[in-house]
Amino acid sequence: MYFKKFSSLKVDLRIPMSKKILNDKKCPFINALSIRGKVFKGFRNNLGIIRSAKMKSTVVVRVNFLIFLSKYKRFKKKHINIHAHKSNFFRCKKGDKVLIAECKPLSKTVKHCVIKVIENKVFYSFN
């Protein structure tokens with residue numbers, strides 16, 4: 001097991017990796033895929049919540065945020081659904097909280113990757 005530390009992010013991450021899982025070409029921890037740009041955490045330190053994990057290496061993450069309306073002097077809650085690449089050594093399912101970061105475009109809709117998973121911390125319904 002060895003570790004890779006991301007100093008360019010403002011989030012302290014130390015990801016344990018085993019040498020068994022070295023076949024993912026789009027993994028930012030194993031290959032030279034650079035993480036740059038935004039790190040989506042949501043508002044009030046809430047992380048993104050996995051909405052769908054049906055695809056092989058892609059998850060759909062819902063990120064909530066607030067927008068200030070100056071006319072009404074109020075905040076409005078909004079959300080965005082983001083497709084993110086999930087590496088092989090992350091085990092995540094619907095409802096888990098994840099931390100995602102921007103990377104180069106990996107496909108037509110996937111432009112982010114999962115960098116940290118916090119499992120079974122939320123029981124959330126999207127209805």
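Notes on the structure follow. Please read these numbers as outputs of a predicted model, since none were measured by experiment.

**Brief notes about the environment of L69**
In step 1: By the secondary structure assignment, L69 is in strand β5 (residues 58–69).
In step 2: Ignoring sequence-local partners within four residues, the contact set of L69 consists of R74 and K76.

**Some points on the pairing of strand β7 (residues 97–103)**
In step 1: Most of β7 is tucked away, with five of its seven residues classed as buried.
In step 2: Relative to β7, strand β3 (residues 35–40) is paired through three bridges, and the arrangement is antiparallel. Directly across from F40, in β7, lies its bridge partner I100.
In step 3: Inspection of the sheet shows β7 paired to strand β8 (residues 112–118) by six bridges, in the antiparallel sense. Residue pairing across strands places E102 opposite H112, the latter belonging to β8.

**Observations concerning a nonpolar patch on the surface**
In step 1: On the surface, a cluster of nonpolar side chains totalling about 320 Å² of accessible area is made up of L66, F68 and F75.
In step 2: Residue L66 is classed as partly exposed on the basis of its relative accessible area of 35%.

**Regarding the nonpolar core**
In step 1: Of all hydrophobic cores here, the largest spans 26 residues; its most connected members are V59, V61, V98, I100, V114 and I115.
In step 2: Counting only elements with at least two residues in this core, the list comes to β3, β5, β6 (74–85), β7 and β8.
In step 3: For I100, the contacting residues outside a window of four places in its chain are K38, V39, F40, V61, V63, I82, A84, C113, V114 and I115.

**Describing the pairing of β6**
In step 1: Bridge count between β5 and β6: twelve bridges; the pairing is antiparallel. Across the sheet, N64 pairs through a bridge with H79, a residue of β6.
In step 2: Turn length for the β5-β6 hairpin, with the two strands adjacent in sequence and antiparallel, is four residues, and the turn residue K73 shows positive phi of about 55°.
In step 3: Relative to β8, β6 runs parallel, the two being bridged by two bridges.

**Description of the side chain of T58**
In step 1: For T58, the position within the fold is in strand β5.
In step 2: If sequence neighbours within four positions are ignored, T58 has contacts with H83, A84, K86 and V110.

Criteria and thresholds
- Residues numbered from 1 in each chain as written.
- Predicted model: local features only at pLDDT ≥ 70, side-chain atom pairs only at ≥ 80, totals over all residues.
- Heavy atoms only, no water.
- Helix = DSSP H or I, 4+ residues; strand = E, 2+ residues; numbered from the N terminus.
- Contact = heavy atoms within 4.5 Å.
- Buried < 20%, exposed > 50% of the residue type's maximum accessible area, 1.4 Å probe, protein only.
- Pairing = 2+ DSSP bridges.
- Patch = residues over 30% accessible without salt bridge, like charges linked within 9 Å, V, L, I, M, F, W, Y side chains within 5 Å.
- Areas by Shrake-Rupley, 256 points an atom, 1.4 Å probe, with all protein chains shown as cover.
- Salt bridge = Lys/Arg side-chain N within 4 Å of Asp/Glu carboxyl O.
- Core = buried A, V, L, I, M, F, W, Y, C linked by side-chain atoms within 4.5 Å.

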